[in-house]
Amino acid sequence: MIKIAENTIKRLIVYKKELNRLKAEGKKFIYSHVLAALSGSQPHLVRRDLMAVGYSGSPAHGYSVKELESSISDFLCSSRQVKVILIGIGNLGRAIIDYCHKQNPKIAISSAFDIDPNKINKEYHGVYCFHIDTARNYVIENEIKVAIITVPDSEAQTIATALSDAGIRGILNFTPGRLRVPENVYVENADMMLYLEKVIYFVQNV
Ligand code: ATP
């Protein structure tokens, strides 16, 4: 498999979002320089990134918005639907479930897991919450590869280790700590305070 740079993947996700928006507005074709401007990218990078997806050349009337969106979408996620689990159905967990379902129909949060008896055996935005002790079997039986962690920081490492052992290969981590996981597990950290502190720094220093 050809290895695609992480920055290319990040840009492709932004292109897809913009193309989706344009599609909803009824736009049929788009030039690479317009997509670049909308995505905060550069025309030569757009053309290079699209080649990675299997698109080449720059058609005279621009790329078909619909075809391009669908190609990028298939490239980023070849499955019809990816099942994801969420651990920790607190305020953040519930908000994420609601948000994800509205954003991308290819991503389905199939189940949630929690330790609090008051939260177990209930549905949140259509997602059923099970006891955390059942997560391992669920992951194995349903061949789940992706998990979102929204438990308190102190619990995250234990959860990440257990999930990795069960076969999880990708974790979106909303806790501030860095997780130690095996090499074959990809972790993306989404520490909101880190982003906020970065914004505040630039507001005060630029
Ligand atoms: P709430 O006020 O609804 O409890 P919260 O966002 O304040 O939400 P947190 O303390 O951040 O709650 O915890 C997030 C969620 O993680 C909670 O639902 C909590 O029950 C759950 N949780 C804590 N420890 C574990 C664990 N070991 N395994 C699974 N879930 C856990």
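Residues numbered from 1 in each chain as written. Predicted model: local features only at pLDDT ≥ 70, side-chain atom pairs only at ≥ 80, totals over all residues. Heavy atoms only, no water.

A. Representation of the layout of surface pockets within the structure. Its volume calculated, the largest pocket comes out at about 2,400 Å³. Residue lining of the largest pocket: 42 residues in total, with I9, I13, L76, N104 and I107 positioned closest to the centre. Every element with two or more residues in the lining of the largest pocket is listed here: α1 (6-24), α4 (65-76), β3 (82-87), α5 (91-103), β7 (146-149), β8 (170-173), β9 (186-189) and α8 (192-205). The biggest single contributor to the lining of the largest pocket is α1, with nine residues. Tallied by class, residues from the lining of the largest pocket come to 25 nonpolar, six polar and eleven charged. Counting contributing residues, the lining of the largest pocket receives three or more from each of domain 1 (6-74) and domain 2 (82-194). Here the second largest pocket defines a volume of roughly 200 Å³. (1 Å grid on protein atoms, 1.4 Å probe; cavity = no way out; pocket = protein on both sides within 12 Å on 5 of 7 lines; lining within 4 Å. Points joined across faces, edges and corners; volume = space filled by probe spheres on them. Helix = DSSP H or I, 4+ residues; strand = E, 2+ residues; numbered from the N terminus. Nonpolar A, V, L, I, M, F, W, Y, C, P; charged D, E, K, R; others polar. Domains from an automatic or database assignment.)

B. Up close: the pattern of salt bridges. Summed over the entire model, instances satisfying the criterion amount to five salt bridges. For K106, the salt bridge goes to D74, with nearest N and O atoms at 3.4 Å. Residue K106 is found in the loop between α5 and β4 (107-114), and its partner D74 is found in helix α4; the two are separated by 32 residues along the sequence. Here K106 falls in the buried class, since its relative accessible area comes to 16%. Residue classification places D74 among the partly exposed positions, given a relative accessible area of 45%. (Salt bridge = Lys/Arg side-chain N within 4 Å of Asp/Glu carboxyl O. Buried < 20%, exposed > 50% of the residue type's maximum accessible area, 1.4 Å probe, protein only.)

C. Structural context of the environment of A5. For A5, the location among the structural elements is in the segment before α1. The exposure class assigned to A5 is partly exposed, which follows from its relative accessible area of 44%. Sequence separation of A5 and D49 is 44 residues, and the distance between their C-alpha atoms is 9.9 Å.

D. View of a nonpolar patch on the surface. A contiguous nonpolar patch, built from M193, L196, V199, I200 and V203 and spanning about 470 Å² of accessible area, is present on the exposed surface. One can find L196 in helix α8. Residue class for L196 comes out partly exposed when judged on its relative accessible area of 43%. (Patch = residues over 30% accessible without salt bridge, like charges linked within 9 Å, V, L, I, M, F, W, Y side chains within 5 Å. Areas by Shrake-Rupley, 256 points an atom, 1.4 Å probe, with all protein chains shown as cover.)

E. Looking closely at α1. Under the 1.5 Å per step criterion, the end-to-end length of α1 is 28 Å for 19 residues, consistent within 8% with the ideal 27 Å. What α1 keeps buried is the set T8, R11, L12, Y15, K16, E18, L19 and L22. In this fold, the buried residues of α1 make contact with β1 (29-30), α2 (32-39), α3 (43-53) and α4. Two residues or fewer after α1 comes G26, characterised by a positive phi angle close to 90°. (Expected span 1.5 Å × (residues − 1). Contact = heavy atoms within 4.5 Å.)

F. How the structure looks around α2. Among all positions in α2, only S32, L35, A36 and S39 are buried. Along the long axis of α2, the arc covered by the buried residues comes to 105°, so they all point the same way. Along its buried surface, α2 packs onto α1, β1, α3, β2 (63-64) and α4. A positive backbone phi angle near 70° is found at G40, which sits one or two residues after α2. (Arc of directions from axis to C-beta.)

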